[in-house]
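# Remarks on the overall topology
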Amino acid sequence: MKKFNHVIVRRPCRAMIDGITSAPELGKPDYEKALRQHDDYISTLSRCGVDIIILPPDERYPDSCFVEDPALITRECAIITNPGAPSRNGEKYEIIDAVRKFFPEDRIEHIVEPGTLEGGDVMMVDDHFYVGRSARTNAEGIRQLTEILAKYGMTCSEVPLEKVLHLKTGVNYLENNKMLVAGEFVTKPDFEKYEKFEIPEDEAYAANCIWVNDTVIVPEGYPHVLEAVKSMGYTVLTVDTSEYRKLDGGLSCLSLRF
Ligand code: CIR
C-alpha cells in the first residue's frame, strides 16, 4: 500500500552536540558520524517510494534535525505545533515554508499559547490520532489539536504518559492493525484492539520504527525487533541511529512523512 509520497528532513547542525538529552551517560553525538547516519537515513527512505525535501542545517536550534516535532501533517491539513521545549519552540517558524509547498494557507493550522504540542507525541492510525500528554504536550495543546482535527472529520484521543519523552518513544503503528509497544504502553487499554508486539526491555529504543509504504525501517542493532517485524511480512531496512539516540531521538523524529 502506498500512503506516503513525501518526506521532509533537516540536516543535523554542528550544535546538535548540545541538543537536549535525558541520557548524558551515552556521551555526546559524534557530528561526522551523525551526518553519515543521516545520509543513510535519506537513502533508505528514498528506497520507499517517496520524494525527499532536505532542509539545511539550522545552527540556532541544536535539536532541529528532529523535524517531526514542530509540525504534524495529515491528509487534510498541516498543523504547525508549539513545541514545549523552550530551546525548540522557534523551530515552528522554520518548518512552515517547507509545509507551504504542499498546503494552501487555509489548510495550515497552528497550535498556540498556552497550548503546547510536539509531533513526537502524535501517532496517526488512519483518521484517528493518539496524543501523548507529556512534559512537552499539555492539555490545552491537545484540546486545540482535537478541535482542528474535528474540522476536517478526524478524531483524537489523549494518552497520558508516565515515563517516556514522547508517545512515539514507546509505541508505533505499523499499519494493518499492527503495533510495536514497549514499557508503559504494553498494558495501556488504549491499544488493546491492536495486534501488538511487546518489545523486550533491552530493545525498548527500537519501539521507534517507521512504516513507509509497506517497508518498515528498524534501527540497527535490535535483533528481536528486527525478527519480529520481518515475521509480520514487511520488507525491512535498517539504519544506524546511534548518534541520535544520544539525544533521545529515533527514526520517526528525523522526518515528516505524508
Ligand atoms: C528533544 O529532547 O526534543 C530532542 N533531543 C529529541 C527529540 C525526539 N523527537 C521525537 O521523539 N519526536
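The structure reproduced in this document is the subject of the present report. In this convention, every chain numbers its residues from 1, walking through the sequence in written order. Totals for whole chains, interfaces and linings use every residue, but because this is a predicted model, local features are given only for residues with pLDDT of at least 70 and side-chain atom pairs only at 80 or more, for both listing and counting. As a convention, hydrogens and water are excluded, and side-chain values are obtained from all of the structure's heavy atoms.

## Notes on the overall build of the chain
Here is the rule: Helix and strand labels come from DSSP, where a helix needs a run of H or I of at least four residues and a strand needs a run of E of at least two; each type is numbered from the N terminus. Atoms counted for the radius of gyration: C-alpha only. Globule rule: 2.2 Å times the number of residues to the power 0.38.
A tally of regular secondary structure across the chain gives six helices and 15 strands. Taken against the 2.2 N^0.38 rule, which gives 18 Å for 258 residues, the C-alpha radius of gyration of the chain at 17 Å falls within 12% of a compact globule.

## Overview of the site of the ligand
We apply this condition: Proximity criterion: a residue is near a molecule or strand once any of its heavy atoms comes within 4 Å of it. Under this definition, polar contacts are N or O atom pairs within 3.5 Å; protein pairs additionally need one hydrogen-donor-capable and one acceptor-capable atom, and for neighbouring residues in sequence, both atoms have to be side-chain atoms. Any residue that is not Ala, Val, Leu, Ile, Met, Phe, Trp, Tyr, Cys, Pro, Asp, Glu, Lys or Arg is counted as polar, Gly included; the first ten are nonpolar and the last four charged.
The local shell around the ligand holds 14 residues, among which Ile20, Asp63, Arg136, Leu247 and Cys253 are the closest. Measuring from an oxygen atom of the ligand, one finds a side-chain N or O atom of Arg136 at 2.8 Å. When the residues that make up the shell around the ligand are grouped by side-chain class, the tally is five nonpolar, three polar and six charged.

## Regarding the sheet that holds strand β3 (residues 71–73)
Rules: At least two bridges found by DSSP between two strands are what make those strands a pair. Fitting a line to C-alpha atoms yields each axis, with helices limited to the stretch in contact; the angle taken between N-to-C directions then spans 0 to 180 degrees.
Here we have three strands laid out as an open sheet, ordered β3-β4-β5, and mixed in their pairing. A single partner strand is all that each edge strand has here, and the edge strands are β3 and β5 (108–110). Strand-to-strand twist across the sheet, computed as the mean angle between neighbouring axes with direction ignored, equals 20°. In terms of strand pairing, strand β4 (residues 78–80) meets β5 through three bridges, oriented parallel.

## A closer look at the sheet that holds strand β13 (residues 215–219)
The mixed open sheet is built from three strands, whose spatial order is β12-β13-β14. The open sheet has two edge strands with one neighbour each: β12 (210–212) and β14 (235–239). The average angle at which neighbouring strand axes cross in this sheet is 30°, direction not considered. Relative to β13, β12 runs antiparallel, the two being bridged by three bridges. Note on β13: the bridge partner recorded for Ile210 is Ile217.

## Some words on the packing of aromatic side chains
Definition in use: To pair, rings of Phe, Tyr and Trp, with the six-membered ring standing in for Trp, must have centres within 6.5 Å; the planes then decide the type, stacked if under 30 degrees apart, edge-to-face if over 60, and tilted in the middle. The buried label goes to any residue with under 20% of its type's maximum accessible area, the exposed label to any with over 50%, and the partly exposed label to all in between, with areas taken from a 1.4 Å probe on protein chains only.
Applying the stated rule across the entire model yields eight aromatic pairs. With a centroid separation of 6.2 Å and 85° between ring planes, the pair formed by Phe66 and Tyr244 is classed as edge-to-face. With Phe66 in the loop between β2 (51–55) and β3 and Tyr244 in helix α6 (residues 242–245), the pair connects residues that are 178 residues apart, well separated along the chain. The same class applies to Phe66 as to Tyr244, namely buried. For the pair Tyr173 and Tyr194, a centre-to-centre distance of 5.7 Å together with 65° between the ring planes defines the contact as edge-to-face. Placement of Tyr173 in strand β9 (residues 171–173) and of Tyr194 in the loop between β10 (178–181) and β11 (195–198) is noted, with a sequence separation of 21 residues between them. With respect to class, Tyr173 is no different from Tyr194; both count as buried. In textbook terms, an aromatic cluster arises when at least three aromatic residues are bridged by ring pairs, as seen for Tyr130, Tyr173, Phe185, Phe191 and Tyr194.

## Regarding the environment of Thr81
Stated formally: Should any heavy atoms of two residues lie within 4.5 Å, those residues are considered in contact.
Assignment of secondary structure puts Thr81 in the loop between β4 and α2 (91–100). Residue Thr81 is classed as buried on the basis of its relative accessible area, which comes to 0%. In this structure the C-alpha to C-alpha distance between Thr81 and Tyr93, which are twelve residues apart in sequence, comes to 9.8 Å. Setting aside chain neighbours within four positions, we find Thr81 in contact with Asp69, Pro70, Ala71, Leu72, Lys92, Ile111, Leu117, Glu118 and Gly119. A polar contact of 2.7 Å, which involves the side chain of Thr81, links it to the backbone oxygen of Asp69.

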